Amino acid sequence: MLTRRSMLRLAGAAGGSLLGSTRLAKAFEEVFQAAELPAGMRTVATACGICDSVCGVQAVLQDGVLRFLGGLPGDTNGGGGGLCAKGGAGIGLVYDPDRLKYPMKRTNPEKGIGVDPGWERITWTEALDTIAARFSNAISQYGAESLLVISRPSPDVWMRLLNALGVANRVDHLDECYLTSRILQRYCTGPMSWAHDFGNSKYVLLFGWDLLAKGKLVFARGIVEAKANGAKVVCFNPQYSATARFADEWYPIRPGSDLAVALAMIHVLLEENLYNQEFVANYTNFPEYEAAIRANFAPYTPEWAELQSDVPATAIRRLAREFGTMGPAIVPIHKKTLAANYTNASQLVHAILILNILAGTIDRPGGRYEARKISIPAVDAVYPRPAYPPKTGRRVDSKDRLPLVLEDGGGMFSTLADGMLTKYPGMIQAAFIMQYTMLGFPDPLRITEALKTVPFLAVYDFLPNDVAAMADIVLPGTTYLEVNDLLAREYSAKYPVVMSRRAVVPAMFEAKSIGYLAIELGKRLAPDYFKTPDGSWINPGVLLDEKTRRAGIANSFAEFPPSGLWERPEPFVPRTTFGTASGKCQIYVPQFVAKGYDPLPVWKEKRERPTAQYPYYFLTYIPAVQRRNTTENNPILTEMLPVNVANMNAALARGLGIREGDLVRLRSRTGSITLAAHLVETLRPDAVLVAHGYGQRSKLMRVAWGRGERDSDLIADQTVEEMVAAGNFAGSAGIMEAVVAIERVQDGGSEA
């Protein structure tokens, strides 16, 4: 980030250039001064909630109205004192005129996208009583397996409610995100790690992750710092992305073939003994399984990988040698790009972890490291509770067929519709959905049909999206700028950092927090679990005070440092034992053998490959100006990218008779969408690229409605049997597996 200090440093390095002259430096000093707030204005330090980076925010209010969101001064290891576009536009979430304002009940029994629910305003008491009665009735008549909760596993008071009810069918989107990575990390290197020490890396190898275009400043700043410090950056991506343009080398890899290149690089590192021998000998199980490890990777030569990936064998061999000798080296892992795009993600993530292990940079400078955090006690630690009932019954998403997924606890969107419609029709009698939209599901038409089969559905959200339109009861939720919380930073945490998320404005209208909802439903459904030792009901504010005190931060949340940051600087001491079953980094995973899985990564093809009927790869991306299925009704962000288009290589377009702006139909085995063509030179000529997060069907979201198309209409869901057959043992949704046909369309929708 360009600052006065960095500019003057550059000026000094230039040897007394014009910018560094005394006269101009003085003028610069006079111009760049902290502005004084006018009367009636004040600032509040809080933490952004758009994503999980927990960037510091300085909110500016005038007479109680939120006027501006900026980066938090002094936040040096998060957003660096800045915010991304999404964070800066967060005011639009609070003051969105389309917000859900009060609880409502449905009066029209017909359900479906585009159907008017006939909303009728009700009180929170009526809404809570109705939900509690329907849940209680479902449990008493059909058992706890009849409840479906589609939500993240947070906050802790929400999970206390679900655990108290014995809810076995809590489902979330993690199979489309980082489920596979979390499972593999647990067995190979320890607990899930988000932290990357880019600043000390000298070699950064990227498989697909376009981190400069994702708006996560902590990572973007990190890789820029790495390159400024002399690191080499190499990028494999079918698209010449922002990160590819930043990289020293870019290879337009064949979609879904990243695994082949990773396997071949491991082959070279082992064949030429280019791995970090001190780390591998002392902190991994390589010595115990060396023969099996070497034998496993022997067939995966760079020449073989070239046939799978279109990356030249000479380049693979050279890059592997550089990776092994120019370190510290790192292969970053983050969310869906490696963990959810393809059905060979279990093998790919395992291979990527092995590359990092062989580089010797697990929890070492220049590598991926475990965040240093303090313990913030959860509600169960603050207020002991009765034993939870066992979670019994059938799993509607079939994760019980994937032992590692069941053990992890994450959910699977990609198998949910199959469970509700085919495997266990009628099993779900009541459902609750928290802040998800149809855009987040593969094949949204099918999940819509599945939700129609549920006799009672309650939805908690802050916008009247397409899922809310299916509800029997809808509850108005808060945004992150209206609640209080403590958050331990994980994305950049070489020493413990805790952020305070302060409510910068009161909750709008009748919106309530999910903590309030959990406690109120708990009073009605599981009262013994929501009382304190003195018999009073759990109070969210008192609970937060107690967490703050027990964490050793302050005596109460109100006494949290007004800077919004609590830090405990301490030296970074690399780990010598790791959070795996053996205490070492595991290249060979014996626990996988016990469960019937390969202990080492082997080659698996992606599920769907081009055919004569569907000859092109379908790629998707999340724009930097949008947060997955959350910000699409924000007019500021939408103005930056109003609609999604079909990006395709100009050479491909010429061959199909397509010109810039022509309407084209993209058709997969699941469905079709029609978009304007945008011709580029930055994409492989056998692929088409479409932005995710468009195609909202709810007319009550007046900014988002009618803009673009749902990319997920082309993406198939899956059955657990398909996952087992594909070796997809860690639960990847395969959200970029689709292949499509491309057809030019004339006005009126008839083909040209």
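Trainee: Just checking my understanding: could you explain the packing of aromatic side chains for this structure?
Mentor: For any pair of aromatic rings, geometry is given as the distance between the ring centres together with the angle between the planes. Going through the model one piece at a time under the given rule, you end up with 25 aromatic pairs. On the basis of an interplanar angle of 80° and a centroid distance of 5.5 Å, the ring pair of tyrosine 369 and phenylalanine 572 is categorised as edge-to-face. Separated by 203 residues along the polypeptide, tyrosine 369 in strand S13 (residues 368–369) and phenylalanine 572 in the loop between strand S19 (565–567) and helix H23 (590–594) bring together distant segments of the chain. Given the relative accessible area of 3%, tyrosine 369 is considered buried. Seen from their ring centres, phenylalanine 557 and phenylalanine 560 are 6.5 Å apart, and the 40° between their planes marks the pair as tilted. Grouping residues by exposure puts phenylalanine 557 and phenylalanine 560 together as buried.

Trainee: What is the right way to look at the pairing of strand S9 (residues 203–207) in this model?
Mentor: For a regular strand, the rule is simple: side chains alternate between the two faces of the sheet. Counting buried residues in S9 gives 5 out of 5 residues, a clear majority hidden from the surface. Residues of S9 alternate between two faces, with Tyr203, Leu205 and Phe207 on one and Val204 and Leu206 on the opposite face, all of them buried. Where S9 meets strand S10 (residues 232–236), 5 bridges bridge the pair, whose relative direction is parallel. Paired with tyrosine 203 across the two strands is lysine 232, which belongs to S10. In this region the chain leaves S9, passes through helix H8 (residues 217–228) and returns to the parallel neighbour S10; the handedness of that crossover is right-handed.

Trainee: Hey, could you run me through the nonpolar core in this one?
Mentor: Across soluble globular proteins, you tend to see nonpolar side chains buried next to one another. Ranked by size, the top nonpolar core spans 96 residues in total, and within it Phe207, Phe236, Phe323 and Leu355 carry the most contacts. The dominant element in this core, judged by the number of residues it contributes, is helix H10 (residues 258–271), at 11 residues. Apart from residues lying up to four places away in sequence, leucine 355 is in contact with Phe207, Ala262, Met265, Ile266, Leu269, Phe323 and Val331. Within the second largest apolar cluster, 40 residues are counted, among which are Ile122, Ala138, Val149 and Leu525.

Trainee: What exactly am I supposed to notice about helix H12 (residues 286–297) here?
Mentor: Residues spaced three or four apart along an α-helix face the same direction, because each turn holds 3.6 residues. Counted at 1.5 Å a residue, the expected span for H12 with its 12 residues is 16 Å, but the 13 Å between its end C-alpha atoms falls short. Inspection of H12 places Phe286, Ile293, Asn296 and Phe297 among the buried residues, and these make up the whole buried set. An end-on view of H12 places all buried positions within 75° of arc, on one side of the element. Elements in contact with the buried residues of H12: H10, helix H11 (277–283) and helix H16 (345–359).

Trainee: Just checking my understanding: could you explain the environment of asparagine 539 for this structure?
Mentor: Tracing the backbone shows asparagine 539 in the loop between helix H21 (514–525) and helix H22 (540–550). The spatial distance from the C-alpha of asparagine 539 to the C-alpha of valine 720 is 41 Å, given a sequence separation of 181 residues. Within the structure, asparagine 539 has its side chain in polar contact with the backbone nitrogen of valine 542 (distance 3.0 Å).

Trainee: It is not clear to me how the pattern of salt bridges should be interpreted in this structure. Could you clarify?
Mentor: Side chains that carry opposite charge are capable of pairing whenever their charged atoms lie near each other. Overall, the coordinates contain 50 salt bridges when judged by the stated rule. Ionic pairing is found between glutamate 608 and arginine 607, a salt bridge with its closest N-O pair at 3.3 Å. Relative accessible area serves as the criterion here: at 24%, arginine 607 is assigned to the partly exposed category. Of the charged contacts in the structure, one is a salt bridge between aspartate 713 and arginine 697, with a shortest N-O distance of 3.5 Å. One end of the pair, aspartate 713, is in the loop between strand S24 (687–691) and helix H26 (720–726); the other, arginine 697, is in the loop between S24 and H26, and 16 residues separate them in sequence. Judged by relative accessible area, aspartate 713 falls into the buried class, the value being 8%. Residues participating in the shared-partner salt-bridge network are Asp129, Glu520, Lys523 and Arg524.

Trainee: I would appreciate a short explanation of the sheet that holds strand S1 (residues 41–47) in the present structure.
Mentor: Two modes of strand pairing occur in sheets, parallel and antiparallel, and in both the strands are linked by backbone hydrogen bonds. In space, the 3 strands of this open sheet follow the order S1-S2-S3, with antiparallel pairing throughout. The open sheet is flanked by S1 and strand S3 (65–71), the only strands paired with a single partner. Along the sheet, successive strands turn relative to each other by an average axial angle of 25°, direction set aside. Looking at chain direction, strand S2 (residues 56–62) and S3 are connected through 6 bridges and run antiparallel. Among the inter-strand pairings, alanine 59 is bridged to a residue of S3, identified as leucine 69.

Trainee: Quick question: what am I supposed to make of the side chain of serine 151 here?
Mentor: Relative to the elements of secondary structure, serine 151 occurs in the loop between strand S6 (147–150) and helix H6 (156–165). Judged by relative accessible area, serine 151 falls into the buried class, the value being 0%. Among the polar contacts listed, one links the side chain of serine 151 to the side chain of tryptophan 158, at a separation of 3.0 Å. Excluding residues that lie within four positions of it along the chain, serine 151 makes contacts with Trp158, Leu162, Arg170, Val171, Asp172, Met434 and Tyr436.

Trainee: Sorry if this is basic, but what is going on with the packing of H6 against H21 here?
Mentor: Any two packed helices are characterised by how steeply their axes cross, that is the angle between the axes, and by the distance between the axes. Packing of H6 against H21 brings their axes to within 8 Å, and their N-to-C directions diverge by 25°. Classified by the interaxial angle, the pair formed by H6 and H21 is roughly parallel. Of the two elements, H6 crosses H21, and the hand of that crossing is left-handed. Contact residues: Val157, Trp158, Leu161 and Leu165 in H6; Ile514, Gly515, Leu517, Ala518, Leu521, Gly522 and Leu525 in H21. Among the residues making up the contact of H6 with H21, the classes are represented as 9 nonpolar, 2 polar and no charged.

Trainee: Sorry if this is basic, but what is going on with the domain arrangement of the protein here?
Mentor: Domain annotation of the protein identifies domain 1 (1–35), domain 2 (104–176 + 394–482 + 495–546), domain 3 (194–369 + 574–594) and domain 4 (616–744). Summarising the inter-unit geometry, the C-alpha centres of domain 3 and domain 4 are found 28 Å apart. Contacts between the two partners involve 22 residues from domain 3 and, on the opposite side, 24 residues from domain 4. Roughly 1900 Å² of surface becomes buried between domain 3 and domain 4 when both sides are summed, with 55% attributable to carbon and sulfur atoms. By the criterion of area lost to domain 4, the three top residues of domain 3 are Lys336, Thr343 and Ser346, representing 28% of everything that side buries. Where domain 3 touches domain 4, the interface holds 1 salt bridge. Between arginine 684 and aspartate 310 there is a salt bridge, with its nearest N and O atoms 2.9 Å apart. If you look at where domain 3 meets domain 4, you find 14 residue pairs in polar contact (both at pLDDT 80 or more). Elements with a contribution of two residues or more to the side of domain 3 that touches domain 4: helix H15 (336–339) and H16. Among the residues forming the side of domain 3 that touches domain 4, the class breakdown is 11 nonpolar, 7 polar and 4 charged.

Trainee: Can you help me understand unusual backbone geometry in this one?
Mentor: Comment: phi is negative for the bulk of residues other than glycine, and the bulk of peptide bonds are trans. Look at the link from serine 154 to proline 155: it is a cis peptide, with omega at -5°. Locating proline 155 in the fold gives a position in the loop between S6 and H6. Cis geometry marks the peptide bond from glycine 327 to proline 328; its omega dihedral reads 10°. Relative to the helices and strands, proline 328 is located in the loop between helix H14 (313–325) and strand S12 (329–330). The phi torsion at asparagine 273 lies on the positive side, around 50°, for a residue other than glycine. Along the polypeptide, asparagine 273 turns up in the loop between H10 and H11. Residue classification places asparagine 273 among the partly exposed residues on the basis of a relative accessible area of 37%.

Trainee: Sorry, what's going on with the state of the cysteines here?
Mentor: The bond known as a disulfide is covalent and runs between the sulfur atoms of two cysteines. Within the structure shown, the criterion is met by 0 disulfides. Free of any disulfide, cysteine 235 has its nearest cysteine sulfur in cysteine 177, 19 Å distant. Looking at cysteine 235, the relative accessible area reads 0%, which means it is buried.

Trainee: Please clarify how H10 should be interpreted in this entry.
Mentor: Along its 14 residues, H10 runs 20 Å from first to last C-alpha, staying within 8% of the 20 Å computed at 1.5 Å per residue. For H10, the tally of buried residues reaches 13 of 14 residues, placing the bulk of the element in the interior. Downstream of H10 by one or two residues, asparagine 273 has phi in the positive range, about 50°.

Reading guide: rules and limits
- Residues numbered from 1 in each chain as written.
- Predicted model: local features only at pLDDT ≥ 70, side-chain atom pairs only at ≥ 80, totals over all residues.
- Heavy atoms only, no water.
- Phe/Tyr/Trp six-rings, centres within 6.5 Å; stacked < 30°, edge-to-face > 60°.
- Helix = DSSP H or I, 4+ residues; strand = E, 2+ residues; numbered from the N terminus.
- Buried < 20%, exposed > 50% of the residue type's maximum accessible area, 1.4 Å probe, protein only.
- Pairing = 2+ DSSP bridges.
- Right-handed = clockwise from strand over helix to strand, strands pointing away.
- Core = buried A, V, L, I, M, F, W, Y, C linked by side-chain atoms within 4.5 Å.
- Contact = heavy atoms within 4.5 Å.
- Expected span 1.5 Å × (residues − 1).
- Arc of directions from axis to C-beta.
- Polar contact = N/O pair within 3.5 Å; in protein donor to acceptor, adjacent residues only side chain to side chain.
- Salt bridge = Lys/Arg side-chain N within 4 Å of Asp/Glu carboxyl O.
- Axes fitted to C-alpha atoms, helices over the stretch in contact; angles between N-to-C directions.
- Parallel < 35°, antiparallel > 145°, perpendicular 65-115°, else oblique.
- Left-handed = near helix turned anticlockwise from the far one by under 90°.
- Nonpolar A, V, L, I, M, F, W, Y, C, P; charged D, E, K, R; others polar.
- Domains from an automatic or database assignment.
- Buried area = accessible area lost by both parts, 1.4 Å probe.
- Disulfide = S-S within 2.5 Å.

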